[in-house]
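The lines below spell out each chain.
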Amino acid sequence: QKEVEQDPGPLSVPEGAIVSLNCTYSNSAFQYFMWYRQYSRKGPELLMYTYSSGNKEDGRFTAQVDKSSKYISLFIRDSQPSDSATYLCAMSGASGYSTLTFGKGTMLLVSP
Amino acid sequence: DGGITQSPKYLFRKEGQNVTLSCEQNLNHDAMYWYRQDPGQGLRLIYYSQIVNDFQKGDIAEGYSVSREKKESFPLTVTSAQKNPTAFYLCASTPGTGGTEQFFGPGTRLTVL
């Protein structure tokens with residue numbers, strides 16, 4: 001079983017839709033959870049950073065962590081064509097010398 | 001402007017040659033990382049460094065080497081021992097040594113001819 005599973009997509013939605021992106025993981029030691037957005041041939045951009053379970057909202061983006069189910073989600077409200085990108089989830093253990101484990105990314109396409 | 005710079009943006013190499021990819025940050029971050037990204041493979045960790053003059057192997061270190069002589073610089077050398085070097089290489093840094101909240105550079109696309 002891979003440590004982090006993420007559906008590669010592509011996920012195609014019309015402009016204005018609510019988008020749900022998800023990752024599951026197997027390592028119960030993961031404590032920090034991140035979502036990155038990556039445009040084609042660019043470096044990933046950190047979108048959301050959360051610690052432990054719960055929700056975090058930033059504008060049109062909401063990150064949700066359910067540690068009991070080992071499941072994290074990113075919701076995008078009122079999706080825009082400019083949201084078309086690959087979304088990577090990443091997670092790490094407790095602070096110290098942990099490194100990040102990434103999902104393989106989900107490609108999102110928002111059509112006007 | 002603070003940030004992470006990588007150069008060059010595109011790099012072409014003949015088989016059997018070593019090449020060095022540059023990564024510089026002016027964020028005063030402690031830790032720096034090198035990843036390789038291939039289509040459908042996600043990001044794989046090559047090397048990382050939490051302090052100057054110290055670094056650790058990641059998951060796919062074979063065929064690569066690094067140095068960390070200055071806090072702001074973490075160059076990656078792709079050696080001729082790396083069997084499949086064509087990939088997109090990403091450098092990242094983080095303010096603490098804990099590996100969370102990594103910030104990425106723009107990447108270098110290496111193609112072996």
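Higher on the page you've got the structure.
Another aspect to go through is the nonpolar core. Grouped together as the largest cluster of nonpolar side chains are 23 residues, with contacts concentrated most on Trp-35, Ile-72, Leu-74, Ile-76, Tyr-87 and Met-91 of chain A. Mapped by element, the contributors of at least two residues to this core are strand 3 (19-25), strand 4 (32-38), strand 5 (45-51), strand 7 (61-66), strand 8 (71-76), strand 9 (85-92) and strand 11 (106-111) of chain A. If near-sequence neighbours (up to four positions away) are discounted, Ile-72 of chain A is found in contact with Leu-21, Asn-22, Cys-23, Tyr-25, Phe-33, Trp-35, Gln-64, Val-65, Cys-89 and Met-91 of chain A. Among the nonpolar cores identified, the runner-up in size contains 20 residues, and Ile-4, Tyr-47, Phe-74 and Val-78 of chain B belong to it.

What follows concerns the interface of chain B and chain A. Listed per partner, the contact involves 24 residues of chain B and 20 residues of chain A. Interface area for chain B against chain A, summed over the two sides, is near 1,700 Å², with a carbon-plus-sulfur share of 60%. Per-residue buried area on chain B facing chain A is highest for Thr-100, Glu-101 and Phe-104 of chain B; these three make up 25% of the total on that side. Taken together, chain B and chain A are joined by 0 salt bridges. Taken together, the links from chain B to chain A amount to 2 residue pairs in polar contact (both at pLDDT 80 or more). Every element with two or more residues in the side of chain B that touches chain A is listed here: strand 4 (31-38), strand 5 (42-51), strand 9 (87-94) and strand 10 (103-104) of chain B. Residue contributions to the side of chain B that touches chain A peak at 5 residues, all from strand 5 of chain B. Classifying every residue of the side of chain B that touches chain A gives 11 nonpolar, 11 polar and 2 charged.

Right, let's talk about the sheet that holds strand 7 of chain A for a bit. All names here are of chain A. Taken together, the 5 strands give an open sheet; going across it, the order is 1-3-8-7-6, and neighbouring strands pair in antiparallel fashion. Every interior strand has two partners, whereas the edge strands, strand 1 (4-5) and strand 6 (54-58), have only one. Note that strand 1 and strand 3 share 2 bridges and pair antiparallel. In the strand pairing of strand 3, Glu-5 is matched with Thr-24.

A word on the layout of surface pockets. In this structure, the largest pocket occupies an estimated 700 Å³ of space. Around the largest pocket, the lining is made up of 30 residues, and of these Gln-38 and Thr-86 of chain A together with Gln-37, Asp-38 and Pro-39 of chain B lie nearest the centre. Per element, the largest residue contribution to the lining of the largest pocket is 3 residues, and it comes from strand 9 of chain A. Along the walls of the second largest pocket sit 16 residues, with Thr-101 and Phe-102 of chain A together with Leu-43, Arg-44 and Asp-59 of chain B positioned nearest its centre. Residue assignment for the lining of the second largest pocket shows that the elements contributing at least two residues are strand 10 (101-102) of chain A together with strand 5 of chain B.

Attention now goes to the pattern of salt bridges. Going through the model one piece at a time under the given rule, you end up with 6 salt bridges over all chains. Asp-83 of chain A serves as the salt-bridge partner of Arg-60 of chain A, at 2.9 Å between the closest nitrogen and oxygen. Of the two residues, Arg-60 of chain A is situated in the loop between strand 6 and strand 7 and Asp-83 of chain A in the loop between strand 8 and strand 9; the sequence distance between them amounts to 23 residues. Overall, the relative accessible area of 1% leaves Asp-83 of chain A in the buried class. The salt bridge partner of Asp-30 of chain B is Lys-71 of chain B, with a shortest N-O separation of 3.4 Å.

Procedures and definitions
Numbering of residues starts from 1 in every chain and runs along the sequence as written. Chain labels run from A onward and ligand labels from 1 onward, assigned in the order the entries are written. The predicted nature of this model means local features are confined to residues of pLDDT at least 70 and side-chain atom pairs, given and counted, to a pLDDT of 80 or more, with totals for whole chains, interfaces and linings taken over all residues. Excluding hydrogens and water, the side-chain values take into account all heavy atoms of the structure. By convention a nonpolar core is built from buried Ala, Val, Leu, Ile, Met, Phe, Trp, Tyr and Cys residues, the set being connected through side-chain atoms within 4.5 Å. Accessibility here uses a 1.4 Å probe with only protein chains present; expressed as a share of the type maximum, an area under 20% marks a residue as buried, one over 50% as exposed, and anything in between as partly exposed. Here a strand is any run of E in DSSP of at least two residues, a helix any run of H or I of at least four, and the numbering for each starts at the N terminus. We call two residues in contact when some of their heavy atoms are within 4.5 Å. Defined in terms of a 1.4 Å probe, buried area is the accessible area two parts forfeit on being brought together, summed over both. Salt bridge, as used here, is a side-chain nitrogen of Lys or Arg placed within 4 Å of a carboxyl oxygen of Asp or Glu. Two N or O atoms form a polar contact when they lie within 3.5 Å of each other; inside protein one atom must be a possible hydrogen donor and the other a possible acceptor, and for residues adjacent in sequence the pair counts only when both atoms belong to side chains. When residues are sorted by character, Ala, Val, Leu, Ile, Met, Phe, Trp, Tyr, Cys and Pro go into the nonpolar class, Asp, Glu, Lys and Arg into the charged class, and all the rest, Gly among them, into the polar class. One requirement defines pairing of two strands: DSSP has to find at least two bridges between them. Computed over the protein atoms alone on a 1 Å grid, cavities are sets of points where a 1.4 Å probe fits but cannot get out and pockets are open sets with protein on both sides within 12 Å along at least five of seven lines; a residue lines them when it has an atom within 4 Å of a point. Grid points are joined across faces, edges and corners, and a volume is the space filled by probe spheres set on the points.

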